[in-house]
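Residues per chain are reported as follows:
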Amino acid sequence: MPEIRRLPDTLVNRIAAGEVVERPSSALKELVENAIDAGASRIAIKLVDGGLTSLEVTDDGCGMSPDQMALALERHATSKLPDDAIEQVETLGFRGEALPSIASVSRFTLESRPKNVADGWKRVIDHGEMISEGPAALPPGTRVRVENLFGKIPARRKFLRTPRSEYAASLDVVKRLAMARPDVAFTLDHGDRRILGLQSGEGLTNRVAQVIARELRENGVAIDLDRGTMRLTGIAGLPTYNRGIADHQYLFVNGRPVKDRLLTGAVRGAYSDMLARDRHAVLALFLDLPPEEVDVNVHPAKTEVRFRDSQAVRGFIVSGLRNALASGDKRSAQSPDAAAMSRWQAEPVRDEPAPALRSIFEGRDWSAPQSRVSEPAQGWRGMEADVMAAPQGRAEMATESTEEKKDFPLGIARGQVANTYIVAEAADGLVLVDQHAAHERLVLERLKAAGAEEAVARSQALLIPEVVELEETSCDRLEDAADALAKHGLAIERFGPSAMLVRSLPHAIARTNPEKLLRDIDDDLALNGEALHLGEKLDLVLATMACHGSVRAGRTLRVDEMNALLREMERTPRSGQCNHGRPTWVKLSMDDVEKLFGRH
């Protein structure tokens, strides 16, 4: 019978490192969080080969004395829990595992100097063994250098990725922590290149825009909402400003970057009828709530959290995002696409007339004109198609209208191009509207206002209830979500340990396969913690109805019809994008127009 033995500290630390230190970015995250918790106002980060060769974090925080440094390198020693109330923790770190774990799998150099102390101290540890210690020259604060990560553990080293991949992961860590603390200055150097240089005191919106994308400031909606003890701030990109992957969604709980499925599902639910399924919103959301309402001690890397009232949190985020977008999303991603703008061409300057025009003047009789009516000169014959080509657009005679004296955000219609795009003149530029996309959104909002959502979700009972066999855990998830699914017209109940009984389906999708539907919903519950799939299917039905009931591209509109469409767009929420997240209108400012003609 094998004997139970107490593991040596070095092996314990390596096991702990397997949970905390997965790759260079994991170590970097722990070190930057320590710097923030130490009260740093400036953090400098240096990487070599994405952190594979070395990574260094320097801060101007409170620093540590030699005795405190020795204690910090012991497991479960921390200054962040002054008492036993772990549920009240407000710092990013609290376990006291990071430094000894990192030191056990790398060459680890720790230098620190408290404020108002003349000299600093240095300790060097190589894969868990003390190499040296002594005085160190450095300004007040702490400097930590991690070299040769997993150098003496080839079994772990070989699973690290390329320097480029490790650098990308490290950059993502720094970006998330930098967004969480706009009051702290950050610099990031990779090799000889300065990657990030963020000043302190920039404000949340400016910091987020600098880190994610500068255009997010113009193509986003500011969020600042309160409900009870919860507060939600940040910036949410317009639905028209979207990406193909969800990596540009940054979520924070009490200043802690997290990747939480409940929050991700809430974001997806908020944008559900404004984005195509394969497109994702760009945003940064900061949720603040009392520490006792959220458990941060559920994941070794502290990247996941658990809420005491998860449904209240989800409802707050969904309703908050929807309300903010409803007030701001009549806008579109207004900046014209750079590639599209580059296709505008100035007419080339010729040293001599173009062939079509040259032929007009060549071979003509330039004698004094006769005082008689005559046919057009033969020089014009055959050139009408080149010189007087049929226009591609259409405009009606403008009539005096009192409406033109008003300041309409989308302007006054001036014409129609290709029977698809409305051209309007606004006070500050030229507006182009996709008539089909715009009317499609207007029809969808009318359907919702008229109660079409309830009609689509009306339940249709099955003549013979269908039994769907699933795994027991899947049945548990579906049973918990049964009440929510019933609101969409799907009536299910438990039928033994590993089966569900489907009694009715939503009227709009009554012909769907019940087994496939339940499996898709279960996958959705497992991934997002919420049954978004069924609601999205019903939204798709409404969107299809709206598409078929809207003005089609290619239909000729009168000017009064164009203006009526523009006015309704100005009154309708979410009119800046169609049901698939594409813009319904774009604006070319007068500055852009003048640049096209060389007036700037």
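That block above? That's the structure.
None of the values given here were measured: they were computed from a predicted structure.

A. Spatial organisation of the overall build of the protein chain. Looking only at helices and strands, the protein chain features 20 helices and 25 strands. Within the protein chain, buried positions represent 45% of all 600 residues. A separation of at least 24 residues holds for 69% of the contacts in the protein chain among residues at least 6 apart in sequence. Of the accessible surface of the protein chain, which amounts to about 31,800 Å², a share of 51% is contributed by carbon and sulfur atoms.

B. Geometry of helix 8 (residues 261–270). Most of helix 8 sits inside the fold, with 7 of its 10 residues counted as buried. Of the residues making up helix 8, those classed as buried are Leu262, Leu263, Gly265, Ala266, Val267, Gly269 and Ala270. Measuring from the backbone nitrogen of Leu262 back to the side-chain oxygen at the start of helix 8 gives 3.0 Å, which picks out Asp260 as the cap.

C. Structural detail: the sheet that holds strand 24 (residues 499–506). The 3 strands are arranged 22-24-23 in an open sheet whose pairing can be described as antiparallel. Of all the strands in the sheet, the pair left with one neighbour each is strand 22 (459–469) and strand 23 (491–494). Strand-to-strand, the axes of this sheet are offset by a mean angle of 15°, without reference to chain direction. Summarising the sheet, strand 23 and strand 24 pair through 4 bridges and their orientation is antiparallel. When the bridges of strand 24 are listed, Glu493 appears paired with Leu501. Strands in contact with helix 15 (residues 472–480) are strand 23 and strand 24; relative to strand 23, the strand with the most contacts, it is inclined by about 130°.

D. The packing of helix 2 (residues 24–37) against helix 6 (residues 163–180), seen in detail. Contact geometry of helix 2 with helix 6 gives a least axis separation of 9 Å together with a crossing angle of 25°. As summarised for this structure, helix 2 and helix 6 are arranged roughly parallel, according to the angle between their axes. In the packing of helix 2 onto helix 6, the handedness of the crossing is right-handed. Contacts between helix 2 and helix 6 involve Pro24, Ser25, Leu28, Lys29, Val32, Glu33 and Ile36 from the first element and Glu166, Ala169, Ser170, Val173, Val174 and Leu177 from the second.

E. Spotlight on the nonpolar core. Counting residues in hydrophobic clusters, the biggest one holds 57 residues, and the most contacted among them are Val32, Ile43, Ile45, Phe108, Met179, Phe186 and Ile212. Examining the composition of this core, we find that 8 residues originate from one element, helix 6, more than from any other. With sequence-adjacent residues up to four places away left out, Met179 is seen in contact with Leu204, Arg207, Val208, Val211, Ile212, Tyr250, Phe252, Ala284 and Phe286. Among the nonpolar cores identified, the runner-up in size contains 35 residues, and Val221, Val258, Ala281 and Val318 belong to it.

F. Examining the packing of aromatic side chains more closely. According to the stated counting rule, one finds 1 aromatic pair in the structure shown. Taking 4.4 Å as the distance between ring centres and 5° as the angle between the ring planes, the aromatic pair formed by Phe252 and Phe286 counts as stacked. Residue Phe252 is located in strand 12 (residues 249–253), and its partner Phe286 is located in strand 15 (residues 283–288); the two are separated by 34 residues in the primary sequence. Positioned over the ring face of Phe408 is Arg567, at 3.8 Å from the centre of the ring.

Here is what the cut-offs are and how they apply
Residues numbered from 1 in each chain as written. Predicted model: local features only at pLDDT ≥ 70, side-chain atom pairs only at ≥ 80, totals over all residues. Heavy atoms only, no water. Helix = DSSP H or I, 4+ residues; strand = E, 2+ residues; numbered from the N terminus. Buried < 20%, exposed > 50% of the residue type's maximum accessible area, 1.4 Å probe, protein only. Contact = heavy atoms within 4.5 Å. Areas by Shrake-Rupley, 256 points an atom, 1.4 Å probe, with all protein chains shown as cover. Polar contact = N/O pair within 3.5 Å; in protein donor to acceptor, adjacent residues only side chain to side chain. Pairing = 2+ DSSP bridges. Axes fitted to C-alpha atoms, helices over the stretch in contact; angles between N-to-C directions. Parallel < 35°, antiparallel > 145°, perpendicular 65-115°, else oblique. Left-handed = near helix turned anticlockwise from the far one by under 90°. Core = buried A, V, L, I, M, F, W, Y, C linked by side-chain atoms within 4.5 Å. Phe/Tyr/Trp six-rings, centres within 6.5 Å; stacked < 30°, edge-to-face > 60°. Lys NZ or Arg CZ within 6 Å of the ring centre and 35° of its normal.

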